[in-house]
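# Examining the three-dimensional arrangement
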Amino acid sequence: MLRSPKPRPATLTLLFLGLSLFAFLYLVIYPNDFRLQSFIAVCRSPSSPVDALDPITPEPDFRLLLGILTLPDHYERRHLLRLVYSLQQRQHDLTAQVDVRFVFCRLTKEEQRVLVALEIMRYADIIILNCTENMNQGKTYAYYASLPSLFGVDGETRYDFVAKADDDIYFRLPKLIESLNKMPREDLYYGFVIPCTSMDPFRDYMSGMGYVVSWDLVEWIAASEIARNNTEGPEDMMTGKWLHWGGKGKNRYNTKYAMYDYPIPVPIDECSHDFSPETIAVHRLKDNMKWARTLQYLNVTDGLKPSKLIYHI
């Protein structure tokens, strides 16, 4: 039988020295590469790739659905409202989540079905209710009644508060958030109390210009026969009556004088007064000039940066 020759001691010594020298040179010249590869090998896992280090988003103080009741044909107004609310969210470090949605009833015109569809495809911020367009024949009830099925799943909801607003009111989101942060999260009825001369939120009801209720009241309205059987009449007055008849809305807050109607030279009532630095909302912005003067007073365009493309503003 032939036996394979044993390697000579000198050969083994040379091989060992060569490997040792290679390892020494690699560790001395490329130490960072060695440590980095070791770190990646230890930390990498299928569920946490190295390049997927997303920033941690802080939990919002609360979540508010701002539902703006409008009409399908009000394309220009929706465009303006998208501008003013998206700019607020960009310019301010808001501590709450505010989702703005436009609310109207079934579409009835051929052009609406196309143009509104384009808005939905681009912005996804429209809610179309199963109702015939109206002001005081149940549209507000249809709005509230639809929300639990849209946003409440398995006993959980996306929102703490829900606002109903007209499309001629401007809310300053930082001021609204600051105010709502002090409010209870349950049984809340918040807004501008009517009549204009009243300061008592328990006397009548909140103006339909814009008011906020807590989510538990939304669920109650959706399930209540009191609301379901009493949908016709001035919508803000009916909301106040539902809560009164049902013994709800025990936590009430009057926003006067931080919410008010647009200033006019000779006020016809106490719902209107001069602009205020503490403004939460301004109502009755019926035309572009009123919008422009309100936004100018509130310094909304101060963030405009100089540009060669802008000759004169």
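First things first, this report covers the structure right here in the doc. (Residues numbered from 1 in each chain as written. Predicted model: local features only at pLDDT ≥ 70, side-chain atom pairs only at ≥ 80, totals over all residues. Heavy atoms only, no water.)

### Looking at the environment of Met209
Following the sequence through the fold, Met209 ends up in the loop between β10 (205–206) and β11 (210–214). Owing to a relative accessible area of 2%, Met209 belongs among the buried residues under this scheme. Separated by 41 residues in the primary sequence, Met209 and Asp168 place their C-alpha atoms 7.9 Å from one another. The residues contacting Met209, other than those within four sequence positions of it, are Lys164, Ala165, Asp166, Ile169, Phe192, Met259, Asp261 and His283. (Helix = DSSP H or I, 4+ residues; strand = E, 2+ residues; numbered from the N terminus. Buried < 20%, exposed > 50% of the residue type's maximum accessible area, 1.4 Å probe, protein only. Contact = heavy atoms within 4.5 Å.)

### A few points about helix α5 (residues 139–151)
In a regular helix each residue adds 1.5 Å, so 13 residues correspond to 18 Å; α5 covers 18 Å between its end C-alpha atoms and thus fits that length. Buried within α5 we find Lys139, Thr140, Tyr141, Ala142, Tyr143, Tyr144, Ser146, Leu147, Pro148 and Phe151. (Expected span 1.5 Å × (residues − 1).)

### Details of the environment of Ser207
Its place among the elements puts Ser207 in the loop between β10 and β11. A relative accessible area of 8% means that Ser207 is categorised as buried. Considered as a pair, Ser207 and Cys196 are eleven residues apart in the sequence and their alpha carbons are 9.1 Å apart. Excluding residues that lie within four positions of it along the chain, Ser207 makes contacts with Phe192, Ile194 and Asp236.

### With respect to the pairing of strand β8 (residues 188–191)
With burial as the criterion, each face of β8 is covered, one bearing Leu188 and Tyr190 and the other bearing Tyr189 and Gly191. Sheet topology places β8 next to strand β12 (residues 251–254); four bridges connect them, and they run parallel. Looking at β12, one finds that Gly191 is bridged to Asn254. The pairing of β8 with β11 spans two bridges and is classified as antiparallel. Bridging across to β11, Tyr190 finds its partner in Val212. (Pairing = 2+ DSSP bridges.)

### Considering the side chain of Ser214
Inspection of the secondary structure assignment puts Ser214 in strand β11. Here Asp187 takes part through its backbone nitrogen, which lies 2.9 Å from a polar atom of the side chain of Ser214. For Ser214, the side chain forms a polar contact with the main-chain nitrogen of Leu188, separated by 2.9 Å. Setting aside chain neighbours within four positions, we find Ser214 in contact with Asp160, Phe161, Arg185, Glu186, Asp187 and Leu188. (Polar contact = N/O pair within 3.5 Å; in protein donor to acceptor, adjacent residues only side chain to side chain.)

### Describing the pattern of salt bridges
For the coordinates displayed, the defined rule picks out 14 salt bridges. In this structure, the salt-bridge partner of Asp125 is Arg82, at a minimum N-O distance of 2.7 Å. Linking Asp125 in the loop between α4 (110–123) and β3 (126–128) with Arg82 in helix α3 (residues 75–91), this pair joins segments that are 43 residues apart in sequence. Of the residues examined, Asp125 reaches a relative accessible area of 7% and is grouped as buried. (Salt bridge = Lys/Arg side-chain N within 4 Å of Asp/Glu carboxyl O.)

### A short note on the layout of surface pockets
Unfilled space is identified by rolling a water-sized probe across the atoms. Size it by volume and the largest pocket reaches roughly 840 Å³. Along the wall of the largest pocket there are 37 residues; nearest its centre are Met135, Asp166, Asp168, His283 and Lys286. Of all the elements in the fold, those that place two or more residues in the lining of the largest pocket are α3, α5, α9 (235–245) and α10 (288–297). Its residues assigned to classes, the lining of the largest pocket comprises twelve nonpolar, ten polar and 15 charged. (1 Å grid on protein atoms, 1.4 Å probe; cavity = no way out; pocket = protein on both sides within 12 Å on 5 of 7 lines; lining within 4 Å. Points joined across faces, edges and corners; volume = space filled by probe spheres on them. Nonpolar A, V, L, I, M, F, W, Y, C, P; charged D, E, K, R; others polar.)

### Side note on the nonpolar core
Across soluble globular proteins, nonpolar side chains have a tendency to be buried as a group. Among the nonpolar cores identified, the biggest contains 78 residues, and Phe171 and Leu180 are the most heavily contacted of them. Of all the elements, α5 adds the most residues to this core, at six residues. (Core = buried A, V, L, I, M, F, W, Y, C linked by side-chain atoms within 4.5 Å.)

### As for the packing of α3 against α10
Following both chains from N to C, one finds α3 and α10 inclined at 5 degrees, their axes separated by 13 Å at the closest point. Comparing their axes, α10 and α3 come out roughly parallel. Residue-level contacts link Glu76, Arg77, Leu80, Leu81 and Val84 of α3 to Asn288, Trp291 and Leu295 of α10. Among the residues making up the contact of α3 with α10, the classes are represented as five nonpolar, one polar and two charged. (Axes fitted to C-alpha atoms, helices over the stretch in contact; angles between N-to-C directions. Parallel < 35°, antiparallel > 145°, perpendicular 65-115°, else oblique.)

### A few points about the sheet that holds strand β13 (residues 259–261)
Here we have three strands laid out as an open sheet, ordered β7-β14-β13, and mixed in their pairing. Single-partner strands in this sheet number two, and they are β7 (170–171) and β13. With three bridges connecting them, β13 and strand β14 (residues 281–283) associate as parallel partners. Along β14, the bridge assignment pairs Met259 with Ala281.

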